Amino acid sequence: MADGSAPDSARTLARIRDIAPEDWARLTEAGGDPYNPFTDYEFLAAVEDSGSASADTGWGPCHLALEDANGALLAAAPMYLKGHSYGEYVFDHAWADAYQRAGGAYYPKLQICAPFTPATGARFLGIDAERRAQLAAAAAQVAAKMGVSSLHATFLPEEEWRRLGALGYLQRIDQQFHWTNQGYDDFAGFLDGLASRKRKALRKERAAALEDGVEIDWVTGSDLTEAHWDAFWEFYQDTGMRKWGRPYLTRAFFSLIGERMADRVLLILARRGTRYIAGALNFIGGDALFGRYWGCSEHVRFLHFEVCYYQSIDFAIARGLKRVEAGAQGEHQLARGYEPTPTYSAHWIADPGFRDAVARYLEAERQQVGADIEVLKSFTPFKKGA
(Lines give C-alpha, C1' and ligand atoms only; values in the text may rest on other atoms or scores of the structure.)
Protein backbone atom coordinates (compact mmCIF):
# COMPACT_ATOMS: atom_id res chain seq x y z
CA MET A 1 0.00 0.00 0.00
CA ALA A 2 1.10 3.58 -0.61
CA ASP A 3 1.03 4.35 3.16
CA GLY A 4 4.08 2.12 3.72
CA SER A 5 2.25 -1.00 4.89
CA ALA A 6 3.60 -3.10 1.99
CA PRO A 7 5.23 -5.77 4.21
CA ASP A 8 1.87 -6.54 5.87
CA SER A 9 0.26 -6.82 2.42
CA ALA A 10 2.88 -9.21 1.02
CA ARG A 11 2.35 -12.95 1.11
CA THR A 12 3.75 -16.03 -0.56
CA LEU A 13 1.83 -18.38 -2.84
CA ALA A 14 2.56 -22.08 -3.29
CA ARG A 15 1.88 -22.13 -7.01
CA ILE A 16 1.58 -19.72 -9.91
CA ARG A 17 -1.99 -20.88 -10.48
CA ASP A 18 -2.96 -19.17 -7.21
CA ILE A 19 -2.77 -16.03 -9.36
CA ALA A 20 -5.23 -15.51 -12.19
CA PRO A 21 -3.54 -15.40 -15.62
CA GLU A 22 -5.19 -12.08 -16.46
CA ASP A 23 -3.90 -10.52 -13.22
CA TRP A 24 -0.36 -11.70 -13.97
CA ALA A 25 -0.61 -10.36 -17.53
CA ARG A 26 -1.73 -6.99 -16.18
CA LEU A 27 1.45 -6.76 -14.13
CA THR A 28 3.81 -7.79 -16.93
CA GLU A 29 2.22 -5.33 -19.35
CA ALA A 30 2.39 -2.43 -16.88
CA GLY A 31 6.19 -2.37 -16.91
CA GLY A 32 6.31 -1.16 -20.49
CA ASP A 33 9.20 -3.48 -21.41
CA PRO A 34 9.17 -5.65 -24.55
CA TYR A 35 7.60 -9.05 -24.05
CA ASN A 36 9.82 -11.47 -22.15
CA PRO A 37 8.82 -15.14 -22.57
CA PHE A 38 10.33 -16.20 -19.25
CA THR A 39 8.01 -14.07 -17.12
CA ASP A 40 5.08 -15.20 -19.24
CA TYR A 41 2.42 -16.89 -17.09
CA GLU A 42 2.35 -19.91 -19.40
CA PHE A 43 6.11 -20.46 -19.11
CA LEU A 44 6.05 -20.28 -15.32
CA ALA A 45 2.99 -22.53 -15.19
CA ALA A 46 4.64 -25.03 -17.53
CA VAL A 47 7.70 -25.49 -15.30
CA GLU A 48 5.38 -26.18 -12.37
CA ASP A 49 2.72 -28.27 -14.14
CA SER A 50 5.42 -30.46 -15.69
CA GLY A 51 7.04 -31.18 -12.34
CA SER A 52 10.25 -29.43 -13.35
CA ALA A 53 10.00 -26.80 -10.59
CA SER A 54 8.69 -28.37 -7.41
CA ALA A 55 9.68 -29.01 -3.82
CA ASP A 56 10.84 -32.48 -4.89
CA THR A 57 13.35 -30.99 -7.36
CA GLY A 58 14.55 -28.33 -4.90
CA TRP A 59 12.57 -25.59 -6.66
CA GLY A 60 9.56 -25.11 -4.39
CA PRO A 61 7.28 -22.36 -5.79
CA CYS A 62 6.94 -19.58 -3.22
CA HIS A 63 5.76 -16.67 -5.32
CA LEU A 64 5.66 -13.24 -3.72
CA ALA A 65 2.43 -11.23 -4.06
CA LEU A 66 1.56 -7.73 -2.93
CA GLU A 67 -2.15 -7.07 -2.49
CA ASP A 68 -4.34 -4.19 -1.41
CA ALA A 69 -6.86 -4.37 1.42
CA ASN A 70 -9.43 -5.90 -0.94
CA GLY A 71 -7.09 -8.65 -2.13
CA ALA A 72 -6.42 -7.08 -5.53
CA LEU A 73 -2.98 -7.95 -6.88
CA LEU A 74 -0.67 -4.91 -7.05
CA ALA A 75 2.71 -6.56 -7.66
CA ALA A 76 4.27 -10.01 -7.81
CA ALA A 77 7.60 -11.78 -8.28
CA PRO A 78 8.35 -15.38 -9.34
CA MET A 79 10.10 -16.76 -6.26
CA TYR A 80 11.27 -20.25 -5.27
CA LEU A 81 12.40 -21.89 -2.06
CA LYS A 82 15.63 -23.58 -3.10
CA GLY A 83 17.27 -26.62 -1.54
CA HIS A 84 20.41 -26.29 -3.69
CA SER A 85 22.06 -23.86 -6.13
CA TYR A 86 21.61 -25.73 -9.40
CA GLY A 87 19.87 -24.32 -12.46
CA GLU A 88 20.49 -20.67 -11.53
CA TYR A 89 23.57 -19.66 -13.59
CA VAL A 90 24.67 -17.12 -10.97
CA PHE A 91 26.97 -19.26 -8.91
CA ASP A 92 26.99 -19.13 -5.11
CA HIS A 93 28.26 -22.64 -4.35
CA ALA A 94 31.38 -21.17 -2.72
CA TRP A 95 29.20 -18.99 -0.50
CA ALA A 96 27.19 -22.04 0.56
CA ASP A 97 30.35 -24.02 1.34
CA ALA A 98 31.84 -21.20 3.43
CA TYR A 99 28.61 -20.60 5.34
CA GLN A 100 28.14 -24.27 6.10
CA ARG A 101 31.79 -24.73 7.15
CA ALA A 102 31.21 -21.89 9.63
CA GLY A 103 28.31 -23.87 11.10
CA GLY A 104 25.38 -22.23 9.31
CA ALA A 105 22.63 -23.73 7.18
CA TYR A 106 22.74 -22.02 3.78
CA TYR A 107 19.76 -23.96 2.44
CA PRO A 108 16.92 -23.36 2.10
CA LYS A 109 17.29 -20.00 0.43
CA LEU A 110 14.93 -17.90 -1.67
CA GLN A 111 15.46 -17.26 -5.38
CA ILE A 112 13.62 -14.63 -7.44
CA CYS A 113 14.19 -15.64 -11.03
CA ALA A 114 12.94 -17.32 -14.16
CA PRO A 115 13.68 -21.00 -13.41
CA PHE A 116 16.59 -22.62 -15.28
CA THR A 117 16.96 -19.48 -17.41
CA PRO A 118 19.98 -17.13 -17.57
CA ALA A 119 18.10 -14.38 -19.44
CA THR A 120 17.64 -10.84 -18.20
CA GLY A 121 14.08 -9.70 -17.54
CA ALA A 122 11.96 -7.84 -15.02
CA ARG A 123 11.60 -9.77 -11.79
CA PHE A 124 9.47 -7.37 -9.73
CA LEU A 125 6.25 -6.97 -11.68
CA GLY A 126 3.74 -4.33 -10.64
CA ILE A 127 0.98 -2.01 -11.73
CA ASP A 128 3.35 0.96 -11.34
CA ALA A 129 6.92 1.81 -10.26
CA GLU A 130 5.83 2.55 -6.69
CA ARG A 131 4.33 -0.90 -6.21
CA ARG A 132 7.36 -2.58 -7.76
CA ALA A 133 9.62 -0.74 -5.31
CA GLN A 134 7.34 -1.73 -2.41
CA LEU A 135 7.54 -5.37 -3.46
CA ALA A 136 11.34 -5.25 -3.58
CA ALA A 137 11.41 -3.87 -0.05
CA ALA A 138 8.87 -6.44 1.11
CA ALA A 139 10.90 -9.33 -0.33
CA ALA A 140 13.73 -8.93 2.17
CA GLN A 141 11.29 -8.65 5.07
CA VAL A 142 9.51 -11.82 3.95
CA ALA A 143 12.88 -13.61 3.75
CA ALA A 144 13.72 -12.48 7.28
CA LYS A 145 10.36 -13.70 8.60
CA MET A 146 10.86 -17.06 6.91
CA GLY A 147 14.27 -17.43 8.54
CA VAL A 148 16.17 -18.29 5.36
CA SER A 149 19.88 -17.59 5.01
CA SER A 150 19.54 -15.44 1.91
CA LEU A 151 17.45 -14.11 -0.95
CA HIS A 152 18.80 -13.83 -4.49
CA ALA A 153 17.28 -11.92 -7.41
CA THR A 154 19.07 -12.87 -10.61
CA PHE A 155 19.35 -11.60 -14.19
CA LEU A 156 17.83 -8.25 -13.34
CA PRO A 157 17.48 -5.24 -15.63
CA GLU A 158 20.04 -2.64 -14.57
CA GLU A 159 17.32 -0.32 -13.27
CA GLU A 160 15.99 -3.01 -10.91
CA TRP A 161 19.52 -3.86 -9.84
CA ARG A 162 20.19 -0.26 -8.87
CA ARG A 163 16.87 -0.03 -7.01
CA LEU A 164 17.71 -3.12 -4.98
CA GLY A 165 21.16 -1.75 -4.25
CA ALA A 166 19.56 1.39 -2.83
CA LEU A 167 17.45 -0.85 -0.58
CA GLY A 168 20.57 -2.50 0.83
CA TYR A 169 20.85 -5.61 -1.33
CA LEU A 170 24.39 -6.63 -2.28
CA GLN A 171 25.09 -6.08 -5.97
CA ARG A 172 26.78 -8.54 -8.29
CA ILE A 173 27.83 -8.27 -11.95
CA ASP A 174 28.67 -11.03 -14.41
CA GLN A 175 28.73 -11.11 -18.20
CA GLN A 176 27.29 -12.92 -21.19
CA PHE A 177 27.72 -12.60 -24.95
CA HIS A 178 24.91 -11.00 -26.98
CA TRP A 179 24.60 -10.32 -30.69
CA THR A 180 23.18 -6.93 -31.69
CA ASN A 181 21.24 -6.28 -34.88
CA GLN A 182 22.53 -3.08 -36.48
CA GLY A 183 19.68 -2.98 -38.96
CA TYR A 184 21.15 -5.67 -41.22
CA ASP A 185 19.22 -6.73 -44.31
CA ASP A 186 20.69 -10.23 -44.20
CA PHE A 187 23.59 -12.29 -42.86
CA ALA A 188 25.83 -10.96 -45.61
CA GLY A 189 25.23 -7.46 -44.30
CA PHE A 190 26.41 -8.58 -40.88
CA LEU A 191 29.49 -10.20 -42.40
CA ASP A 192 30.35 -6.97 -44.20
CA GLY A 193 31.01 -5.37 -40.82
CA LEU A 194 33.63 -7.95 -39.86
CA ALA A 195 37.34 -7.84 -40.46
CA SER A 196 38.30 -9.74 -43.61
CA ARG A 197 39.96 -12.68 -41.86
CA LYS A 198 37.04 -13.14 -39.48
CA ARG A 199 34.53 -12.88 -42.31
CA LYS A 200 36.26 -15.65 -44.23
CA ALA A 201 36.43 -17.86 -41.14
CA LEU A 202 32.68 -17.57 -40.52
CA ARG A 203 31.86 -18.37 -44.14
CA LYS A 204 34.04 -21.48 -43.98
CA GLU A 205 32.39 -22.62 -40.75
CA ARG A 206 28.90 -22.27 -42.20
CA ALA A 207 29.86 -24.15 -45.35
CA ALA A 208 31.54 -26.95 -43.39
CA ALA A 209 28.54 -27.38 -41.07
CA LEU A 210 26.21 -27.99 -44.00
CA GLU A 211 28.41 -30.40 -45.92
CA ASP A 212 27.25 -33.94 -46.58
CA GLY A 213 23.60 -33.08 -47.02
CA VAL A 214 22.86 -31.47 -43.65
CA GLU A 215 19.84 -29.14 -43.84
CA ILE A 216 18.31 -26.73 -41.33
CA ASP A 217 14.64 -26.40 -40.37
CA TRP A 218 13.04 -23.56 -38.40
CA VAL A 219 9.98 -24.94 -36.61
CA THR A 220 7.61 -22.69 -34.71
CA GLY A 221 3.92 -22.11 -34.03
CA SER A 222 1.43 -24.64 -35.32
CA ASP A 223 4.18 -26.54 -37.17
CA LEU A 224 5.55 -27.86 -33.86
CA THR A 225 4.58 -31.49 -33.27
CA GLU A 226 5.26 -34.11 -30.65
CA ALA A 227 7.64 -35.75 -33.12
CA HIS A 228 9.76 -32.59 -33.05
CA TRP A 229 9.74 -32.60 -29.25
CA ASP A 230 10.66 -36.29 -29.16
CA ALA A 231 13.69 -35.56 -31.33
CA PHE A 232 14.72 -32.55 -29.29
CA TRP A 233 14.21 -34.41 -26.01
CA GLU A 234 16.94 -36.86 -27.01
CA PHE A 235 19.31 -33.98 -27.73
CA TYR A 236 18.43 -32.22 -24.47
CA GLN A 237 18.93 -35.35 -22.39
CA ASP A 238 22.32 -36.01 -23.93
CA THR A 239 23.57 -32.50 -23.18
CA GLY A 240 21.94 -32.41 -19.75
CA MET A 241 23.45 -35.68 -18.60
CA ARG A 242 26.91 -34.54 -19.64
CA LYS A 243 26.70 -31.02 -18.18
CA TRP A 244 24.50 -31.25 -15.11
CA GLY A 245 24.21 -34.93 -14.23
CA ARG A 246 20.45 -34.74 -14.59
CA PRO A 247 18.42 -32.58 -16.99
CA TYR A 248 16.42 -29.89 -15.20
CA LEU A 249 13.31 -30.05 -17.36
CA THR A 250 10.94 -32.99 -17.76
CA ARG A 251 9.66 -34.25 -21.10
CA ALA A 252 6.21 -32.91 -20.21
CA PHE A 253 7.55 -29.35 -20.09
CA PHE A 254 8.29 -29.35 -23.81
CA SER A 255 4.84 -30.60 -24.70
CA LEU A 256 3.26 -27.93 -22.50
CA ILE A 257 5.12 -25.02 -24.06
CA GLY A 258 4.28 -26.47 -27.47
CA GLU A 259 0.62 -26.38 -26.51
CA ARG A 260 0.54 -23.06 -24.68
CA MET A 261 3.09 -20.72 -26.25
CA ALA A 262 4.07 -22.28 -29.58
CA ASP A 263 4.25 -18.91 -31.35
CA ARG A 264 6.96 -17.87 -28.89
CA VAL A 265 9.02 -21.04 -29.38
CA LEU A 266 11.54 -21.68 -32.15
CA LEU A 267 13.24 -25.04 -32.70
CA ILE A 268 16.25 -24.84 -35.00
CA LEU A 269 16.81 -28.41 -36.13
CA ALA A 270 19.58 -29.92 -38.24
CA ARG A 271 18.41 -32.71 -40.49
CA ARG A 272 20.14 -35.34 -42.58
CA GLY A 273 17.48 -36.58 -44.95
CA THR A 274 14.43 -37.21 -42.77
CA ARG A 275 16.42 -37.75 -39.57
CA TYR A 276 17.13 -34.93 -37.13
CA ILE A 277 20.68 -35.04 -35.82
CA ALA A 278 20.90 -31.83 -33.74
CA GLY A 279 18.78 -28.99 -32.49
CA ALA A 280 18.50 -25.85 -30.38
CA LEU A 281 15.51 -24.53 -28.46
CA ASN A 282 14.91 -20.78 -28.60
CA PHE A 283 12.25 -18.46 -27.22
CA ILE A 284 11.06 -15.42 -29.16
CA GLY A 285 10.76 -12.22 -27.14
CA GLY A 286 9.37 -8.83 -28.05
CA ASP A 287 12.75 -7.57 -29.23
CA ALA A 288 15.14 -10.51 -28.77
CA LEU A 289 15.70 -14.17 -29.54
CA PHE A 290 16.76 -16.18 -26.49
CA GLY A 291 18.80 -19.33 -27.11
CA ARG A 292 18.31 -21.94 -24.39
CA TYR A 293 19.27 -25.57 -25.03
CA TRP A 294 21.34 -27.43 -27.59
CA GLY A 295 22.04 -31.09 -28.21
CA CYS A 296 22.97 -33.55 -30.93
CA SER A 297 23.02 -37.24 -31.73
CA GLU A 298 25.80 -36.98 -34.31
CA HIS A 299 28.94 -34.88 -34.24
CA VAL A 300 29.34 -32.62 -37.27
CA ARG A 301 32.15 -30.07 -37.37
CA PHE A 302 30.90 -26.51 -36.67
CA LEU A 303 27.25 -27.63 -36.54
CA HIS A 304 26.90 -26.29 -32.99
CA PHE A 305 27.93 -22.82 -34.17
CA GLU A 306 25.61 -23.00 -37.18
CA VAL A 307 22.53 -24.11 -35.23
CA CYS A 308 23.02 -22.03 -32.09
CA TYR A 309 24.62 -18.82 -33.38
CA TYR A 310 24.46 -18.28 -37.13
CA GLN A 311 20.92 -19.53 -37.64
CA SER A 312 19.81 -17.44 -34.66
CA ILE A 313 21.28 -14.38 -36.33
CA ASP A 314 19.47 -15.26 -39.56
CA PHE A 315 16.18 -15.58 -37.68
CA ALA A 316 16.65 -12.34 -35.75
CA ILE A 317 17.36 -10.42 -38.95
CA ALA A 318 14.35 -11.98 -40.68
CA ARG A 319 12.07 -11.08 -37.74
CA GLY A 320 13.57 -7.63 -37.13
CA LEU A 321 14.65 -8.53 -33.59
CA LYS A 322 17.20 -6.27 -31.93
CA ARG A 323 19.47 -8.89 -30.42
CA VAL A 324 20.22 -12.55 -29.77
CA GLU A 325 20.98 -13.71 -26.26
CA ALA A 326 22.61 -17.11 -26.56
CA GLY A 327 22.57 -17.86 -22.83
CA ALA A 328 25.33 -18.90 -20.45
CA GLN A 329 27.98 -19.93 -22.93
CA GLY A 330 31.69 -19.35 -23.37
CA GLU A 331 34.05 -16.96 -25.08
CA HIS A 332 33.87 -18.87 -28.36
CA GLN A 333 30.86 -16.66 -29.14
CA LEU A 334 33.14 -13.62 -29.29
CA ALA A 335 34.70 -14.56 -32.64
CA ARG A 336 31.21 -15.04 -34.06
CA GLY A 337 29.98 -11.49 -33.48
CA TYR A 338 28.54 -11.87 -29.99
CA GLU A 339 29.78 -9.10 -27.69
CA PRO A 340 30.39 -9.07 -23.92
CA THR A 341 27.40 -7.67 -22.03
CA PRO A 342 27.02 -7.24 -18.26
CA THR A 343 24.37 -9.12 -16.31
CA TYR A 344 23.11 -8.13 -12.89
CA SER A 345 21.97 -9.83 -9.70
CA ALA A 346 21.17 -8.66 -6.16
CA HIS A 347 21.53 -10.56 -2.90
CA TRP A 348 20.11 -10.19 0.61
CA ILE A 349 22.14 -12.01 3.31
CA ALA A 350 20.65 -12.52 6.77
CA ASP A 351 23.81 -12.99 8.84
CA PRO A 352 25.64 -9.64 9.31
CA GLY A 353 29.12 -11.12 9.46
CA PHE A 354 28.61 -13.30 6.42
CA ARG A 355 27.02 -10.37 4.60
CA ASP A 356 30.11 -8.23 5.21
CA ALA A 357 32.38 -10.97 3.85
CA VAL A 358 30.25 -11.42 0.72
CA ALA A 359 30.11 -7.62 0.23
CA ARG A 360 33.91 -7.41 0.20
CA TYR A 361 34.13 -10.27 -2.26
CA LEU A 362 31.55 -8.70 -4.58
CA GLU A 363 33.30 -5.34 -4.59
CA ALA A 364 36.47 -6.96 -5.90
CA GLU A 365 34.51 -9.19 -8.29
CA ARG A 366 32.66 -6.24 -9.84
CA GLN A 367 35.95 -4.53 -10.60
CA GLN A 368 37.39 -7.68 -12.15
CA VAL A 369 34.31 -8.37 -14.29
CA GLY A 370 34.29 -4.78 -15.53
CA ALA A 371 37.95 -5.04 -16.49
CA ASP A 372 37.36 -8.39 -18.20
CA ILE A 373 34.52 -6.95 -20.29
CA GLU A 374 36.73 -4.11 -21.49
CA VAL A 375 39.47 -6.55 -22.48
CA LEU A 376 37.03 -8.82 -24.30
CA LYS A 377 35.62 -5.89 -26.26
CA SER A 378 39.03 -5.46 -27.87
CA PHE A 379 38.78 -8.96 -29.36
CA THR A 380 35.50 -8.55 -31.22
CA PRO A 381 35.69 -9.53 -34.93
CA PHE A 382 34.35 -6.23 -36.23
CA LYS A 383 36.34 -3.86 -38.43
CA LYS A 384 38.28 -1.28 -36.51
CA GLY A 385 36.11 1.76 -35.89
CA ALA A 386 32.90 -0.10 -36.82
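Let me sum up the structure you'll find in this document. (Residues numbered from 1 in each chain as written. Predicted model: local features only at pLDDT ≥ 70, side-chain atom pairs only at ≥ 80, totals over all residues. Heavy atoms only, no water.)

## Quick notes on the side chain of Gln311
Working step 1: Relative to the assigned elements, Gln311 resides in helix 11 (residues 303-319).
Working step 2: Only 2.7 Å separates the side chain of Gln311 from the side chain of Glu306, close enough to count as a polar contact. (Helix = DSSP H or I, 4+ residues; strand = E, 2+ residues; numbered from the N terminus. Polar contact = N/O pair within 3.5 Å; in protein donor to acceptor, adjacent residues only side chain to side chain.)

## Points about the packing of aromatic side chains
Working step 1: Counted under the stated rule, the structure contains 29 aromatic pairs.
Working step 2: Look at Phe43 and Phe283: their rings are 5.7 Å apart centre to centre, the planes differ by 90°, and that puts the pair in the edge-to-face class. Here Phe43, found in helix 3 (residues 41-49), pairs with Phe283, found in strand 12 (residues 275-284); they are 240 residues apart in sequence, far enough to count as distant.
Working step 3: Classification of Phe43 by relative accessible area gives buried; the value is 3%.
Working step 4: Relative accessible area serves as the criterion here: at 2%, Phe283 is assigned to the buried category.
Working step 5: Relative to Tyr293, the ring of Tyr236 lies with its centre 5.0 Å away and its plane at 80°, an arrangement referred to as edge-to-face. (Phe/Tyr/Trp six-rings, centres within 6.5 Å; stacked < 30°, edge-to-face > 60°. Buried < 20%, exposed > 50% of the residue type's maximum accessible area, 1.4 Å probe, protein only.)

## Looking at the sheet that holds strand 11 (residues 265-272)
Working step 1: With respect to topology, 11 strands assemble into an open sheet ordered 2-5-6-8-15-9-14-13-12-11-10, the strand pairing being mixed. The sheet is open, and its two borders are formed by strand 2 (59-61) and strand 10 (214-220), each paired with just one other strand. For this sheet, the mean inter-axis angle between neighbouring strands, taken without regard to orientation, is 30°.
Working step 2: In this structure, strand 2 lies alongside strand 5 (residues 79-82), joined through three bridges in antiparallel fashion. Its bridge partner lying in strand 5, Trp59 is registered against Lys82. (Pairing = 2+ DSSP bridges. Axes fitted to C-alpha atoms, helices over the stretch in contact; angles between N-to-C directions.)

## Considerations on the packing of helix 4 (residues 93-101) against helix 12 (residues 352-377)
Working step 1: Packing of helix 4 against helix 12 leaves a shortest axis separation of 12 Å and a crossing angle of 150°. By the angle between their axes, helix 4 is roughly antiparallel relative to helix 12. When the axes of helix 4 and helix 12 are compared, the crossing they make is right-handed. Every residue of helix 12 that contacts helix 4 at Trp95, Ala98 and Tyr99 is listed here: Phe354, Val358, Tyr361 and Leu362.
Working step 2: Along the lines of polarity and charge, the residues of the contact of helix 4 with helix 12 split into seven nonpolar, no polar and no charged. (Parallel < 35°, antiparallel > 145°, perpendicular 65-115°, else oblique. Left-handed = near helix turned anticlockwise from the far one by under 90°. Contact = heavy atoms within 4.5 Å. Nonpolar A, V, L, I, M, F, W, Y, C, P; charged D, E, K, R; others polar.)

## Observations regarding the sheet that holds strand 7 (residues 125-126)
Working step 1: Spatially, the four strands line up as an open sheet ordered 1-3-4-7, and their pairing is antiparallel. Each edge of the open sheet is held by one strand with a lone partner, namely strand 1 (10-13) and strand 7.
Working step 2: Alignment of strand 4 (residues 73-77) against strand 7, held across two bridges, turns out to be antiparallel. Residue pairing in the sheet places Ala75 in a bridge with Gly126 of strand 7.
Working step 3: Packing against the sheet, helix 2 (residues 21-30) makes contact with strand 4 and strand 7, and its axis sits at approximately 80° to strand 4.

## Remarks on the pattern of salt bridges
Working step 1: Summed over the entire model, instances satisfying the criterion amount to 25 salt bridges.
Working step 2: Residues Lys109 and Glu88 are paired through a salt bridge, measuring 2.9 Å at the closest nitrogen-oxygen approach. Taken together, the residues Lys109 in strand 6 (residues 109-112) and Glu88 in the loop between strand 5 and helix 4 connect sequence positions 21 residues apart. The pair Lys109 / Glu88 is uniform in exposure class, with both members buried.
Working step 3: For Asp230, the salt bridge goes to Arg251, with nearest N and O atoms at 2.7 Å. Placement of the pair is Asp230 in helix 9 (residues 226-243) and Arg251 in helix 10 (residues 251-260), with a sequence separation of 21 residues.
Working step 4: What makes Asp230 partly exposed here is its relative accessible area of 42%. (Salt bridge = Lys/Arg side-chain N within 4 Å of Asp/Glu carboxyl O.)

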